[in-house]
Amino acid sequence: MSFDSISETIAHFIGTFDLTTEQARLRDQYQEFTALRRKAEMEELEEGAAVKVRADLNLDPGKYDALPYAPSVSHTDIPLASNPQPLGPVPDGPLQTGPGPDQVLPDTAIASTSIPILVAKPVLIPELIGSAVTYAIQTLDLNDNDTIGQGDFRDVDSLVQQGQELADVALSLHAVSSPSFSISDYQSIEHLESIVAEMQAPFEAPSEDATVHQFQGEEAMGTIVNGENVEELPDFLELVPSHHLPDEEDDSDHPDLLPTEWDQSDDADFGDGHTVTAGGNLAINEVAITVGWVDAPVIAVGGQSVNLTVVSQVAIVSDVDEGPEDSQSKTTVVQSSSIAVESNEASWLDDNVSEEGQDPLVAITWISGDLFVTNFVKQEINATDIDHIETQIDATTSLFVLGDNDLVNEVSVVQLGSYYDLVLIGRDMVSVDFVHQTIALVDDDVVSGVIAEEDNDNLVMNHVELTTIGEDTHEELSETLAEVLPLQEMDTDALENALLNDPQFAGMEQVRVLKIEGDLVQVNVVEQVTTLQDQDDIHIQGGNGAIASALGAGNAVLNAASISTIGVDSVVMASEGEYSDVVLHQASLIDTQDEDLGTELANEAIAILMQETSGPGKSDLAPGHNKLTPSEMASVDDALSSMLA
């Protein structure tokens, strides 16, 4: 029967009033329970906390039987677990000391208006964790092609085309192809096998003038600079041309509001003379990645465990100058790599000890799919600073700044997650660190009527630092962990019981578990490409015997990548085996003026390679195109699967 509007309003009010009254009564009980729980946690009471739930019971004896009388019992001590030891980026897990949803009151509890509830066991609330995926794509394009005056200058378009061809030649010197930026590729064993095939394939230099150093496995570990093992890595700031070093601090009370070259006061450095700055460019690609997302002392993998580290560095330089004897600049090429693994024991294990006879607390975090911890960074600098100047200087002081460009790409990534006592992975665990660095510098100048500045040299540097904190050792998968790997979230109780009966977790106060039903994919990919053209035509005629100094070179190019993986020493048990490999490839090709041959034949090696290399990935010289026989290819392609068999 439907109510009229007034009756319905009254009924709604009565229901709301009843719910509000019940909510207030329950709030009072909850506040008392919360206060006692917090008091127990803060004061670490030895005795258990009892919560009295007030309820007015008016039982009808005709309908309900009276509860049997039982003697009162003393409250037992509550074994409160200590807070988890902080594990670097891991926050302490909160403890819930209330009864769990599956707990029942003991039979000895008293049925009265005050019912004591015994807190039997704290519950460790697991932390939530998800994937961390980063994509950073940075591109800098600069065309700073200046022309002052008229003269017999080289064609700019032709020079730019030559620079692009030189960049293609540089890519052909890599031992491995450019890395993929697709996460799904790193879940494919076939794709990982193709990377291994390129890592293990013998590299044939396209020119005998190229210098190639390649290291595999343990030989690639440590600090290697230009193919030699050294104690320390070189410092870019100590090698960079002085033109790029910061000036000394100005102690004056009035900071300069104008560029220093405009300051013509008596105390300024703008003294008499003539200066042409056509070079002095700075190009930097820099990446710093710190990852500490997931790790544990014990890792069980249902599929394969694959760990690959690839570092491929290439630098190609054309530095052929025409002019007076002191006009030829020098280019320093530095390719440095540091790959290190440091031990780091799980510090919390010493404190994670339970009292004798006490079962550990088990907290399980479930991930039904895949867990991705990936960082993809691609940085490109394409700069042309082709300057043409022909003029006569009649002034007392002059300054021509045609170059002096600064180009910087910078990426910094920090990913901090949680540590666990056990990580269970249903399928594969893939860890890949891939750094691909390329530098192409063209500094072919034609000068007359000037003298070169003292610091007229170039610096080209590829720099990589890969640091892994936490060593992995591999063992056979135990029967207990092999049985629990297929379990799903609905089988939580079975997983807890299996871990409680596993001897390797006996005596622990708590066991924090991360259960991944799919793959664990941890990938850091960095690709850096820098192309700088500084091809200047400088022709100065000084009136009244004036002499101009010129900076046609003075360029500094840097590709720097630092990847730090923070974890703990782990025992990895993979059902289908494990495979790991490290490769370091350093290749360089430098063309400079030969005093005997002159400038006409100086860059013959690069010219030949430009004709043979039509583009990245299209030439027979490009990575991925080798001259192996079918049987050799079969043996190389099968490297990963054979190692995992």
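Cut-offs used in this document
- Residues numbered from 1 in each chain as written.
- Predicted model: local features only at pLDDT ≥ 70, side-chain atom pairs only at ≥ 80, totals over all residues.
- Heavy atoms only, no water.
- Helix = DSSP H or I, 4+ residues; strand = E, 2+ residues; numbered from the N terminus.
- Buried < 20%, exposed > 50% of the residue type's maximum accessible area, 1.4 Å probe, protein only.
- Contact = heavy atoms within 4.5 Å.
- Areas by Shrake-Rupley, 256 points an atom, 1.4 Å probe, with all protein chains shown as cover.
- Pairing = 2+ DSSP bridges.
- Core = buried A, V, L, I, M, F, W, Y, C linked by side-chain atoms within 4.5 Å.
- Salt bridge = Lys/Arg side-chain N within 4 Å of Asp/Glu carboxyl O.
- Axes fitted to C-alpha atoms, helices over the stretch in contact; angles between N-to-C directions.
- Expected span 1.5 Å × (residues − 1).
- Polar contact = N/O pair within 3.5 Å; in protein donor to acceptor, adjacent residues only side chain to side chain.
- Patch = residues over 30% accessible without salt bridge, like charges linked within 9 Å, V, L, I, M, F, W, Y side chains within 5 Å.
- Phe/Tyr/Trp six-rings, centres within 6.5 Å; stacked < 30°, edge-to-face > 60°.
- pLDDT = per-residue confidence, 0-100.

1. A short note on the overall build of the protein
Stage number 1. When helices and strands are tallied, the protein shows 10 helices and 32 strands.
Stage number 2. When burial is assessed residue by residue, the protein has 44% of its 645 residues classed as buried.
Stage number 3. Taking all contacts inside the protein whose residues are at least 6 apart in sequence as the whole, residues at least 24 apart take part in 90%.
Stage number 4. Put simply, the protein shows about 33,600 Å² of open surface, and 49% of that area lies on carbon and sulfur atoms.

2. Looking at the sheet that holds strand S30 (residues 556-566)
Stage number 1. Reading across from one edge, S9-S8-S14-S24-S30-S11-S19 is the order of the seven strands in this open sheet, with mixed pairing throughout. If you trace the sheet from one side to the other, it starts and ends with strand S9 (228-229) and strand S19 (406-419), each paired once.

3. Here we look at unusual backbone geometry
Stage number 1. The phi dihedral of Asn226 falls on the positive side, at around 50 degrees, and the residue is not glycine.
Stage number 2. Considering the arrangement of structural elements, one finds Asn226 in the loop between strand S8 (222-225) and S9.
Stage number 3. Look at Asp404: it is not a glycine, yet its phi comes out positive at around 60 degrees.

4. Concerning the nonpolar core
Stage number 1. Ranked by size, the top nonpolar core spans 39 residues in total, and within it Val423 and Leu514 carry the most contacts.
Stage number 2. With five residues, strand S11 (residues 282-295) is the single largest residue contributor to this core.
Stage number 3. Not counting residues up to four positions away in its chain, the partners in contact with Val423 are Val294, Asp295, Ala296, Val298, Ile299, Ala300, Leu514 and Ile516.
Stage number 4. Counting residues in each nonpolar core, the second largest holds 22 residues, with Phe181, Val430, Val525 and Val583 among its members.

5. A closer look at the environment of Gly303
Stage number 1. With respect to the helices and strands, Gly303 occurs in the loop between strand S12 (298-301) and strand S13 (305-319).
Stage number 2. Sequence separation of Gly303 and Arg427 is 124 residues, and the distance between their C-alpha atoms is 4.5 Å.
Stage number 3. Once residues lying within four places of it in the same chain are set aside, the contact partners of Gly303 are Gly426, Arg427, Asp428, Ala574, Ser575, Glu576 and Gly577.

6. Remarks on the pairing of strand S14 (residues 331-342)
Stage number 1. Bridging between S8 and S14 involves four bridges; their strand directions are antiparallel. Counted as the bridge partner of Val225 is Ser336 from S14.
Stage number 2. Note that S14 and strand S24 (residues 458-469) share 12 bridges and pair parallel. By the bridge assignment for S24, Val334 is matched with Met461.

7. Some points on the pattern of salt bridges
Stage number 1. Applying the stated criterion across every chain yields a total of five salt bridges.
Stage number 2. Among the ionic pairs, Asp537 bridges to Arg154, the shortest N-O distance being 2.8 Å. Taken as a pair, Asp537 in strand S28 (residues 537-542) and Arg154 in the loop between strand S6 (147-148) and helix H2 (156-172) lie far apart in primary sequence, 383 residues in all.
Stage number 3. Asp537 gets classed as buried once you look at its relative accessible area, which sits at 1%.
Stage number 4. The closest approach of N and O atoms between Arg427 and Asp519, which form a salt bridge, is 3.4 Å.

8. Some details on the sheet that holds strand S15 (residues 361-367)
Stage number 1. Read from one edge of the open sheet, six strands run S15-S26-S20-S12-S31-S25, paired in parallel fashion. Edge positions in the sheet fall to S15 and strand S25 (472-475), since each has one partner strand and no second. Sheet twist, expressed as the mean angle between neighbouring strand axes with direction ignored, is 20 degrees.
Stage number 2. Here four bridges tie S12 to strand S20 (residues 422-425), and the two strands are oriented parallel to one another. Looking at the pairing, Val301 lines up with Ile425 of S20.

9. Things to note about the environment of Val225
Stage number 1. Position of Val225 relative to the elements: it lies in strand S8.
Stage number 2. Taking the C-alpha atoms as reference, Val225 lies 5.7 Å from Gln335; in sequence the two are 110 residues apart.
Stage number 3. Sequence-distant contacts of Val225, defined by excluding residues within four places in its chain, comprise Val230, Pro234, Val334, Gln335, Ser336 and Gln586.

10. Here we look at helix H4 (residues 189-200)
Stage number 1. An ideal rise of 1.5 Å per residue puts 16 Å on 12 residues; H4 measures up with 16 Å between its terminal C-alpha atoms.
Stage number 2. Most of H4 sits inside the fold, with nine of its 12 residues counted as buried.
Stage number 3. Taken together, the buried positions of H4 are Ile189, His191, Leu192, Glu193, Ile195, Val196, Ala197, Glu198 and Met199.

11. Here's the deal with the side chain of Gln586
Stage number 1. Summarising the element assignment, Gln586 is placed in strand S32 (residues 578-592).
Stage number 2. Assessed through its relative accessible area of 2%, Gln586 is described here as buried.
Stage number 3. From its side chain, Gln586 meets the backbone nitrogen of Gly227 in a polar contact 2.9 Å long.
Stage number 4. At 3.0 Å, the side chain of Gln586 forms a polar contact with the side chain of Gln313.
Stage number 5. The residues contacting Gln586, other than those within four sequence positions of it, are Thr211, Val212, His213, Ile224, Val225, Asn226, Gly227, Gln313, Gln335, Ser336 and Ser337.

12. Focus on a nonpolar patch on the surface
Stage number 1. Taken together, the side chains of Ile6, Ile10, Phe13, Ile14 and Phe17 define a hydrophobic patch exposed on the protein surface, amounting to about 580 Å² of accessible area.
Stage number 2. Within the secondary structure layout, Phe17 lies in helix H1 (residues 5-43).

13. Brief notes about the side chain of Asp428
Stage number 1. Counting through the fold element by element, Asp428 comes out in the loop between S20 and strand S21 (429-442).
Stage number 2. A polar atom in the side chain of Asp428 sits 2.7 Å from the backbone nitrogen of Gln304.
Stage number 3. Filtering out sequence-adjacent residues up to four positions away, Asp428 remains in contact with Ile189, Val301, Gly303, Gln304, Gly518, Asp519 and Leu520.

14. Some thoughts on the packing of aromatic side chains
Stage number 1. A complete count under the given rule lists four aromatic pairs for this structure.
Stage number 2. Measuring from ring centre to ring centre gives 6.2 Å for Tyr186 and Phe376, while their planes differ by 40 degrees; the resulting arrangement is tilted. Placement of the pair is Tyr186 in helix H3 (residues 183-186) and Phe376 in strand S16 (residues 371-384), with a sequence separation of 190 residues.
Stage number 3. By relative accessible area, Phe376 is classed as buried at 0%.
Stage number 4. Taken together, the aromatic side chains of Tyr135, Phe181, Tyr186 and Phe376 make up a single cluster linked through ring pairs.

15. Quick notes on the confidence of the model for the protein
Stage number 1. Here the protein shows a mean pLDDT of 79. Residues at 70 or above account for 73%.
Stage number 2. Predicted confidence is poor over residues 614-622, with pLDDT under 50, and the contacts of this stretch with residues over four places away or in other chains come to 17 contacts.
Stage number 3. Low pLDDT, under 50, characterises residues 641-645; the predicted model gives this stretch nine contacts beyond four residues in sequence or across chains.

16. Here we look at the environment of Ser564
Stage number 1. Structurally, Ser564 is set in strand S30.
Stage number 2. The spatial distance from the C-alpha of Ser564 to the C-alpha of Ile469 is 7.7 Å, given a sequence separation of 95 residues.
Stage number 3. Look past the residues within four positions of Ser564 in its chain and what remains in contact with it is Ile289, Thr290, Val291 and Thr467.

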